[in-house]
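# Descriptive analysis of the structure
Here's the letter readout for the chains.
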Amino acid sequence: MAEAHAAVAFSFSITHEGWDVNLDREVLHLVWQSGVRSWKKRIARLLNNVHNGIYPGHYSYLCIIIGLVSAMHLNGFKVPLNLAPKILSICPSQTIPWQLGACALSSLTYWLSGVYLLRYSLKMLFMYKRWMYELQTKDSKPSFITKIWIGMVKVLGGWNTPKLYSYQSSLPRLPLPSLHDTVTRYLKSVRPLLDDSAHAKMVTLAAEFENGIGRKLQRYLVLKSWWSSNYVSDWWEEYVYLRGRYPLMINSNFYGIDAIMLHPTTNQAARAGSIINSLLMFRRLLDRQELDPILIHGLVPLCNWQYERIFNTTRVPGTEADKILHCPDSTHIVVYHKGRYFKVFIYHRGRILRPAEIQMQIEQILKDESQPQPGEEKLAALTAGVRKHWAYVRDKYFSKGVNRISLDAIEKAAFVVVLDDFPYEFDMDDPSKLDRYGKVLLHGRGYDRWFDKSFTLCIGSNGRLGFNAEHSWADAAVVSHLWEWVVTEESYDPRSDAPILAHCLEYILLEEAETLRFDTNGNTLGNPEFTPPPPSRLNWHIKFECQNDIQASLDIANKLIEDFDLRIYVHDRYGKGFMKGCKLSPDAYIQMALQLAYFRDAGKFCLTYEATMTRLYREGRTETVRPCTEESSNWVRAMEDRNVPDEEKIRLLRIACETHQRAVKDAMCGKGIDRHIFCLFVVSKYLEVESPFLKEVLSDPWRLSTSQTPHGQTKRMDLKKHPKCISAGGGFGPVADDGYGVSYIIAGEDLLFFHISNKKSCPTTDCHRFALKIETALADMHQLHVQLFNKSKSSVI
């Protein structure tokens, strides 16, 4: 085939006249450029690793120390520890070169000692967590000890400019809670969910566990916490994600939506060229470690190890467990359009292709009228089905030959792009359009998303976009950071260091926004410097038996899609501005609204899951916060009792929100419940011992699984000035068959998005009904505060 011939760098044949060799200089040049680029990246990685290894020290200090030590030694002054003469005593000569060498070696010893002293001092400072409870708001007054701690962190952290991974070696390990503390917290968390007899039974089981097998399990965890960087993360990745045999689609993967208040272009190819270029620019920042590390309050860093696998990463299916395949580099992406897969090269002479050049490649794909090969169109359904089945099919039909080559192209691509042939729509007057938007991103048709990739970029025919992300390699906060950076990149003006919303449908302020990506016709700005290499079709030889296996996975995917329902509720009556005005945490406020909504929907309380991060520690991922507490249930019951005065309701709400805030901080500081219990359970399985307590704890379903989508992780987003430049967030499927999955984003002072999912097969759940419950809960909470404010105002008058 033409594509195969073009890919051959040289060919040869043997004749009676000897060897006949034909070299393709262009391809060899590409090979040379690829090698040069790889070596440049290796050298850059080496320099970055050295920089990170000596942080917060710096190379310049070594030069200064060498100069001082040499000057003191040559002038007869004694240097502390007197290392230079001791080194000279074992040297073959006392000449000036040997003396300078001894001074340099002793200076290196002093310098390294200082570097490690600074690093471990910084680590000790980062172990201090009282600031979490004192610096709640900008107006909070820290204690004297915290003020001293702030000053020391600023001094030690100011010796050198950190790169993305500079703080990794200075982050402390996740602390292991005591068994007694975890059991006590657990019993308190389930009290509102159990009646007296059930709670008494659970107390008995907990006491038996704590005084029995629990002690042995805890000792093994103590050893693991000493030995490993993080006693949770490796087991969490393996047993929660990679050993799961269920389909990834809906059950594990999640999605994210575009900045829907903006629509910079309706040209699908132009938007694809722009966003692909932005993603590649972000990848270059990661490779060079030039992305600024996120610092809480500008002081304490978050662990960034999850960023390493954003690109060039795929989850590979296995019979018993999957594995994560990460390539150090990739020079191409794969694009799916109308059932066909195209390999698109993204570099030319060592540089990333410009948006206009990528747009040319995408336009060629859109104009291509070739038909899918047999089995190609629905191939990705294998990634949507049962993992064991996909592993079997992959080993049997995709382990060699042309199928292996094409599958490698997908799995080793930087990421996958899907060009849908229908629009993604949003209309405030028609909520069903946004619901369909979310469904399209989460599952598509069941065969047009490569669910194994770290993320798949999805672009509608009208230029709107979103993503579908696999969950095992990282958590949603990392992908949200990527997405926020990419979305703001299209409307970012470096002169003002802020995104400018000059690019609306009317292209207002276009003359002032020279850095925007699109012209008045919707095409990317700039002219291509050359004609980029055309996309090449991936070739497949999919047998009839394999096509049947693909259809079997698609049947499972279709059943999941038919059973899935999603409602994206947009709340624009008020937002975090009002909540902060009430002196309440917006996250705690929304969690209380969800508790009230669920109680009104189901007539009872349920075990509720809220994810929070543990990235204050090395290799930290997430911990569970349990929003359903005795304090929250007391407030909910008060809200349903007309005899309770408004003042009492607000008092109980404040207590519930404060309890929730404290629980979030405890979880972030390693004092959570569920990850510790999870690890105890894993140890019990290794030891083949049964625990009635652990069995009872882990059998409770999370009927209300919630998560807040973070934003503001980049310095270029100012929502006060530009409230429309924000993503609508994203969502996920329900964790329990009879539960809800609720993701929310506080998108501005007066805007909230709730992504609510459930299974249609469950007669007791309905995401549309639950959205109305959330709406009325928020309205009642707002009215409660307004009425109390009016009462206090009238009493003053």
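Reading the values: the criteria
- Residues numbered from 1 in each chain as written.
- Predicted model: local features only at pLDDT ≥ 70, side-chain atom pairs only at ≥ 80, totals over all residues.
- Heavy atoms only, no water.
- Helix = DSSP H or I, 4+ residues; strand = E, 2+ residues; numbered from the N terminus.
- Contact = heavy atoms within 4.5 Å.
- Areas by Shrake-Rupley, 256 points an atom, 1.4 Å probe, with all protein chains shown as cover.
- Phe/Tyr/Trp six-rings, centres within 6.5 Å; stacked < 30°, edge-to-face > 60°.
- Buried < 20%, exposed > 50% of the residue type's maximum accessible area, 1.4 Å probe, protein only.
- Lys NZ or Arg CZ within 6 Å of the ring centre and 35° of its normal.
- Lys, Arg positive; Asp, Glu negative; His and termini not counted.
- Salt bridge = Lys/Arg side-chain N within 4 Å of Asp/Glu carboxyl O.
- Core = buried A, V, L, I, M, F, W, Y, C linked by side-chain atoms within 4.5 Å.

## So, the overall build of the chain
- A count of helices and strands for the chain gives 26 helices and 24 strands.
- For the chain, contacts bridging at least 24 residues in sequence account for 77% of all contacts bridging at least 6.
- When the accessible surface of the chain is split by element, carbon and sulfur atoms take 57% of a total near 35,800 Å².

## Things to note about the packing of aromatic side chains
- A full pass over the atoms with the stated rule returns 33 aromatic pairs.
- The interplanar angle of 85° and the centroid separation of 5.2 Å between the aromatic rings of Trp 236 and Phe 678 together place this pair among those described as edge-to-face. Of the two residues, Trp 236 sits in helix 11 (residues 233-242) while Phe 678 sits in helix 24 (residues 674-687), which places them 442 residues apart along the sequence. Exposure class is identical for Trp 236 and Phe 678. Each is buried.
- Between Tyr 424 and Tyr 437, the ring centres sit 5.2 Å apart and the planes meet at 40°, which makes this aromatic pair tilted. Taken together, the positions of Tyr 424 in the loop between strand 12 (416-419) and helix 17 (431-442) and Tyr 437 in helix 17 put the pair 13 residues apart, joining distant regions of the chain. The two residues Tyr 424 and Tyr 437 agree in class, both being buried.
- Here the aromatic cluster, defined as three or more aromatic residues joined through ring pairs, consists of Tyr 336, Tyr 341, Trp 390, Phe 398, Trp 450 and Trp 540.
- One Lys or Arg, Lys 224, reaches over the ring of Trp 235 and ends 4.4 Å from the middle of that ring.

## Some remarks on the side chain of Arg 464
- Along the polypeptide, Arg 464 turns up in the loop between strand 13 (455-459) and strand 14 (465-469).
- The side chain of Arg 464 sits in the buried core without any salt bridge; Asp 258 is the nearest counter-charge, 4.9 Å away.
- Residues within four places of Arg 464 in sequence aside, it is in contact with Asp 258, Ala 259, Ile 260, Leu 262, His 263, Arg 271, Tyr 424, Phe 426, Tyr 437, Cys 458 and Ile 459.

## Details of the environment of Ile 756
- Tracing the backbone shows Ile 756 in strand 24 (residues 751-759).
- Spatially, the C-alpha atom of Ile 756 lies 8.3 Å from that of Phe 732, the residues being 24 residues apart in sequence.
- Setting aside chain neighbours within four positions, we find Ile 756 in contact with Asp 565, Leu 566, Arg 567, Tyr 740, Gly 741, Val 742, Cys 767, Phe 770, Ala 771 and Ile 774.

## Some words on the nonpolar core
- Judged by nonpolar contacts, the single largest core of 102 residues is most densely connected at Ile 276, Ile 310 and Phe 415.
- For this core, the element with the highest residue contribution is helix 12 (residues 268-288), accounting for nine residues.
- Every residue in contact with Ile 310, bar those within four places of it in the chain, is listed here: Phe 282, Leu 286, Ser 454, Phe 455, Trp 473, Val 478 and Leu 482.
- Cys 582, Phe 605, Val 636 and Cys 767 belong to the second largest nonpolar core, which has 45 residues in total.

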